Every structure is written in C-alpha cells, then in structure tokens.
Amino acid sequence: MFGFFIALLSGALMSIQGVFNTQVTKSSTIWVANAFVQFTALLVCLGAWLFTDRTSFGALLKVQPKYMLLGGAIGAFITYTVIKAMEMLGPARSVMLIVISQLIIAYLIELFGLFGVEKQPLEVRKLAGMGIAIAGIVIFKWT
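Residues numbered from 1 in each chain as written. Predicted model: local features only at pLDDT ≥ 70, side-chain atom pairs only at ≥ 80, totals over all residues. Heavy atoms only, no water.

S.K.: Can you help me understand the packing of aromatic side chains in this one?
M.R.: The relation between two aromatic rings is expressed through the spacing of the ring centres and the mutual angle of the planes. The tally for this structure, following the rule as stated, stands at five aromatic pairs. Every member of this aromatic cluster is reached through a ring pair, and the members are Trp 31, Phe 77 and Tyr 80. One residue, Arg 54, lies across the ring of Trp 49, its end atom 5.8 Å from the ring centre. (Phe/Tyr/Trp six-rings, centres within 6.5 Å; stacked < 30°, edge-to-face > 60°. Lys NZ or Arg CZ within 6 Å of the ring centre and 35° of its normal.)

S.K.: Would you explain the layout of surface pockets in this entry?
M.R.: One way to see where empty space is left: roll a probe the size of a water molecule over the atoms. If you add up the space inside the largest pocket, you get close to 400 Å³. If you go around the largest pocket, you meet 16 residues; those closest to its centre are Leu 42, Cys 45, Gly 71, Gly 72 and Ala 73. Contributions of two or more residues to the lining of the largest pocket are made by helix 2 (30-51) and helix 3 (71-89). The residue inventory of the lining of the largest pocket, partitioned by class, reads ten nonpolar, six polar and no charged. Estimated volume of the second largest pocket: approximately 160 Å³. (1 Å grid on protein atoms, 1.4 Å probe; cavity = no way out; pocket = protein on both sides within 12 Å on 5 of 7 lines; lining within 4 Å. Points joined across faces, edges and corners; volume = space filled by probe spheres on them. Helix = DSSP H or I, 4+ residues; strand = E, 2+ residues; numbered from the N terminus. Nonpolar A, V, L, I, M, F, W, Y, C, P; charged D, E, K, R; others polar.)

S.K.: Just checking my understanding: could you explain unusual backbone geometry for this structure?
M.R.: Note on backbone geometry: most residues besides glycine have negative phi, and most peptide bonds are trans. The omega torsion across Gln 64 and Pro 65 is -10°, close enough to zero to call that bond cis. Looking at where Pro 65 falls in the secondary structure, it is placed in the loop between helix 2 and helix 3. For Arg 54, which is not glycine, the phi dihedral falls at a positive 55°. Position of Arg 54 relative to the elements: it lies in the loop between helix 2 and helix 3.

Written out as structure tokens, the structure is:
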C-alpha cells in the first residue's frame with residue numbers, strides 16, 4: 001500500500017516540477033533551466049547522502065552492465081522533454097501523454113525482459129487497459 005502512495009506522490013511531484021521548470025524557461029533558456037534543475041537535484045541528493053547512508057561512491061564502479069549508469073544523462077533529456085511538452089501542450093495533456101508513454105514502454109520492457117527485468121507474459125487485460133487509457137487521451141484532447 002505504501003508503494004501505491006509513493007507512486008501517486010511521484011506523479012504529483014513530476015507534474016508540479018514540470019510546471020515549475022516550464023516557468024523557469026520563460027526567464028532563461030531550456031538548457032539553463034535544465035542545468036539548474038539537475039544541479040539542484042545533485043545538491044539535494046548529496047545532502048540526503050550526507051545524512052543517511054554514506055555508502056561509498058566507489059560502489060558505482062561495480063554496476064553491471066555499465067550502461068545502467070546512464071540514468072542521470074537520461075534524466076537531463078527527461079527534464080528537457082517534459083518542459084517542451086508542457087510548453088507546447090499544457091500540463092494536463094502533457095502529463096497524460098507522458099504517463100501513457102511510460103506505461104507502454106514499461107510494459108514492453110516487462111514483456112521482453114529488457115535491462116535485467118524479469119520477463120512477463122502478454123496479458124490481454126493489460127493491453128485493453130492501455131487501449132482504454134489511450135482512448136481517454138483522445139477524448140480529453142478533442143473535447
């Protein structure tokens with residue numbers, strides 16, 4: 001149950017962050033805003049690290065496969081694309097499309113067992129759920 005609430009909080013924070021970041025780009029540029037977002041995230045993470053576990057950064061050298069370390073670089077492009085989407089489509093439409101994209105890609109990762117994730121069987125009910133979600137976006141966009 002706790003995971004459910006964490007996921008809801010994550011979605012809420014992503015929406016709020018997207019709006020904030022889009023507003024920041026009005027006074028700067030998208031890459032300046034993105035760099036600031038990533039830099040402040042680094043500061044928060046370093047602060048949390050100082051007050052919590054203090055695990056050695058050397059542990060990162062043990063990560064296999066090494067491409068798994070690209071999460072931060074991907075994060076920079078996530079921030080960029082969220083800002084652009086919200087600027088062009090508005091917060092509600094952007095977040096709906098982002099969430100649907102996340103759902104589809106996450107399901108494909110599970111279906112094919114990509115990136116070390118345990119492979120899951122194809123389920124018609126999950127495909128139907130995605131279809132309903134996509135239909136919801138279409139209804140939301142054109143009404």
